[in-house]
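Next come the chains, spelled out residue by residue.
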Amino acid sequence: MRWSHAFIPTLRDDPADAEAASHRLLVRGGYVRQLMSGVYSLLPIGHRVRSKVMAIIREEIDAIGGQELLLPALHPREIWERTGRTEAMADILFTLNDLRGGAAVLGPTHEEIFTTIATELTSYKQVPQLWYQIQTKFRDEPRPKAGLLRVREFTMKDSYSFDIDTAGLDLQFDRHFAAYTRIFARLGVTAVPVEASSGSMGGSDSVEFMVPSPAGEDDVVHCPACDYAANVERATSAIPAVEDDPGPDQPERFPTPGVRTIADLVEFEGGAAADRQIKTLVYVLDGEATMVLLRGDHELQEQKLQDASGAVEVRPAHPEEIRELLGAGAGSLGAVGVSGPRIFADLQLAERTNMVTGANLDDHHLRGVDVARDIAVTEWMDLRTVVAGEGCPECGEPLEVFRGIEAGHIFKLGTKFSEALGATVLDADGESVPLVMGSYGIGVERNMAAVVEMNHDERGIVWPVSVAPYEVVVTVVKMNDDDTVAAADRIYERLGEAGVDVLIDDRTERPGVKFNDAELIGIPYRLTVGPRGLATGNVELSVRRTGERTELPIGTVVEEVARLVAENR
RNA sequence: CGGGCUGUAGCGCAGCUUGGUAGCGCGCUUGCUUUGGGAGCAAGAAGUCGCCGGUUCGAAUCCGGCCAGCCCGACCA
């Protein structure tokens, strides 16, 4: 490609509303332009990178036996109603009506549709199957952000496995784990596999691949000493037990005027340390008011509450709902003697005695509470949010927490979808059994952004050779010098013939502009061709990542660079 | 959905308080000079001032409504 005829609209100034490095650099480098909130156009070099990312993913999924197909983005709403996910995904589902009065949705994922295809499987002899597509997804995210990292229309590689039993599923899951590991390595990103919540997918088990980045949206708990890593939505930790006094025979009510928070009660004369308080929250789970109890110094992890309760809709209760339920305002709530609503308690409250909690009377608390004796706990659950420094649940060493981008997510689905949609086969005994499914997703544009997040410097993007829009740029220093232009043209032509993706910067710009643009858009190798080098029969090779420069003889430069590119693809 | 902020030329911004010719930098066009790290001089082109309504002799500016975008939170395969 000749830069003089290419559409690569680089910007000198950073776009005003881009915060994340990948957002800023992809816009400034002429890779993408925003059309509306969460919707981006990919310009020519952006499209080239996307194509290379997709090619890598395709190779790796093909290598584990995937068969590529292509399903529609437009779905009948009825299929989604059959699995209950018009409700479960209501907040992100684009819905529309067609002119015949039919109801449709734009697919946010494709379990329903792949499973519908899988109803044509009839015998255990036909499985295992592994099907995938690379296709557009639509999710009406409430808050798109950070350029390509969270958008409303995007490309996803989604694969689905169908097996006769869980042993088959486990095998397909492990193969995907390995394929994803290879994909991220080839993309030039570090992706940490972590235990994750399955969220609205349901299913038994899931692993997220998290790319460490401040632009990420998830907190990942990991242990530097062993391999333990988990999304904070699911992470557990080992923390020391609190030693309690037995306390009095029954709770004692005492006035606490003005005390509204855990911290207030710590300060209050006659109050208690935070780890000796019971924090009482009220949530509405699928319409049912539920009390949620934690140790005073612990934070609720809402995803754990949702997962443990199986609720679809989880929200904090409104102040008026709380008062109607318990007769007091937040700040004076407690579960002692409460018998109406369900009471979910965090495991860290088990066996605790002599605790302090609200009295369900404004400005009053109870002390001397024995959890087992005084509170009718409906169910014990792990509900607390792990924080850095707590002990690893596997080895006890202090845990660390980092921000990460969810670059891929693989699920063991089980039979949720096959049962709902009737995807069954006859087994060897002639029994009809639902197929055991897995689903495996990786976002194409999000991974483009993740690559940039992990591969940039103050000058711009530093693409790995594997996904660079062009592998080499030939920079013509002096366009009005015939010998320079001719030499650069020959190198450009011969690199192309050698199979290298090469761009020649033949614009009539000053050298500084060309160098800066080449570094901004992040081409891995630059060959600088100018009169100064040609005088000694050389051209200069610059390596974008290291800044290293070497003079190469013009006679061997093409084969040398072609070899360098091939080695690093 | 709650809070904060912003819409003025392709990009980045000023002007709005106090109503009266729509500006600056970069980029773009033409010419000359320049050319190994974002050149200089000169002459130009380009804007429904987000949209609708109101006040006024007159609105980018004041008032009302709406729309869009960004950030924080909530939310989120």
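Per chain, residues are indexed from 1 in the order of the written sequence. Just so you know, chain letters begin at A and ligand numbers begin at 1, following the order they were written in. For this predicted model, a pLDDT threshold of at least 70 governs which residues receive local features, and a threshold of 80 or more governs which side-chain atom pairs are given and counted, while totals over whole chains, interfaces and linings are taken from all residues. The basis for every side-chain value is the complete set of non-hydrogen atoms in the structure, without hydrogens or water.

Under the pairing criterion, centres of Phe, Tyr and Trp rings, with the six-membered ring standing for Trp, must be within 6.5 Å; the plane angle then separates stacked pairs below 30 degrees from edge-to-face pairs above 60, leaving the rest tilted. Here the structure, examined in full by the defined rule, presents 8 aromatic pairs. Taking the centre distance of 6.4 Å and the plane angle of 50° together, the rings of Phe173 and Tyr440 count as tilted. Here Tyr440 lies in strand 24 (residues 436–443) and Phe173 lies in helix 6 (residues 166–187), a separation of 267 residues in the sequence. Only protein chains enter the calculation, and the probe is 1.4 Å; a residue is then buried if its accessible area is under 20% of its type maximum, exposed if over 50%, and partly exposed in between. Under the relative-accessibility criterion, Phe173 is labelled buried at 5%. Working definition: helices are DSSP H or I runs of at least four residues, strands are E runs of at least two. Numbering for both runs from the N terminus.

Next up on the list: the domain arrangement of chain A. Boundaries of every domain are those given by an automatic assignment or by a domain database. For chain A, the domain assignment lists domain 1 (21–191 + 414–453), domain 2 (252–381) and domain 3 (470–568). The distance between the C-alpha centroids of domain 2 and domain 3 comes to 68 Å.

Turning next to the protein's contact with RNA strand B. In the region of RNA strand B, 47 residues are neighbours, and Thr109, Arg150, Met156, Glu519 and Arg549 sit closest. If even one non-hydrogen atom of a residue comes within 4 Å of a molecule or strand, that residue is called near it. Backbone sugar and phosphate groups make up 50% of those atoms of RNA strand B lying within 4 Å of the protein. Within the side chain of Glu519, an N or O atom sits 2.4 Å from a base nitrogen of RNA strand B. Separating a base nitrogen of RNA strand B from a side-chain N or O atom of Glu540 is a distance of 3.3 Å. Listing elements by their share of the surface near RNA strand B, those giving two or more residues are strand 1 (32–36), helix 8 (302–309), strand 21 (400–414), helix 14 (511–521), strand 29 (525–529) and helix 15 (531–534). With 7 residues, helix 14 is the single largest residue contributor to the surface near RNA strand B. Side-chain atoms alone can form a polar contact between residues adjacent in sequence; in general such a contact is a pair of N or O atoms within 3.5 Å, and within protein one must be able to donate a hydrogen while the other accepts it.

This part takes up helix 13 (residues 482–497). Given the number of residues in a helix, its expected span is that number minus one, multiplied by 1.5 Å. Compared with the 22 Å implied by 1.5 Å per residue over 16 residues, the 23 Å span of helix 13 between its first and last C-alpha is a close match. Listed as buried for helix 13 are Thr484, Ala487, Ala488, Ile491, Tyr492 and Leu495. Taken end-on, helix 13 shows its buried residues confined to a sector of 135°, consistent with a single buried face. Turned more than 90 degrees from where helix 13 packs its buried face, Asp482, Asp483, Arg490 and Glu497 sit exposed. Only heavy atoms matter for contacts: two residues are in contact if any of them lie within 4.5 Å across the pair. Buried residues in helix 13 make contact with strand 27 (472–476), strand 28 (502–505), strand 29, helix 15, strand 30 (538–543) and helix 16 (557–568). The positive-phi residue at the C-terminal boundary of helix 13 is Gly499, with phi of around 90°. Throughout, the arc means that of the directions going from the helix axis to the C-beta atoms.

The next subject is the sheet that holds strand 31 (residues 549–553). Strand pairing follows a simple DSSP-based rule, namely that at least 2 bridges must link the two strands. Here we have 5 strands laid out as an open sheet, ordered 28-27-29-30-31, and mixed in their pairing. A strand with exactly one partner marks an edge of an open sheet, and here the two such strands are strand 28 and strand 31. Here the strands of the sheet are splayed against their neighbours by 25° on average, with no regard to which way each runs. Examined bridge by bridge, strand 30 and strand 31 share 5 bridges and lie antiparallel to one another. Axis lines are fitted to C-alpha atoms, over the contacting stretch for helices. Their N-to-C directions set the angle, which ranges from 0 to 180 degrees.

The next thing to look at is the pairing of strand 10 (residues 205–212). Burial analysis of strand 10 places 6 of its 8 residues in the buried class, the great majority of the element. Two elements, strand 9 (residues 192–195) and strand 10, share 4 bridges in a ladder whose sense is antiparallel. Within the sheet, the bridge partner assigned to Val192 lies in strand 10 and is Met210. The pairing of strand 10 with strand 21 spans 8 bridges and is classified as antiparallel. In the strand pairing of strand 21, Phe209 is matched with Gly408.

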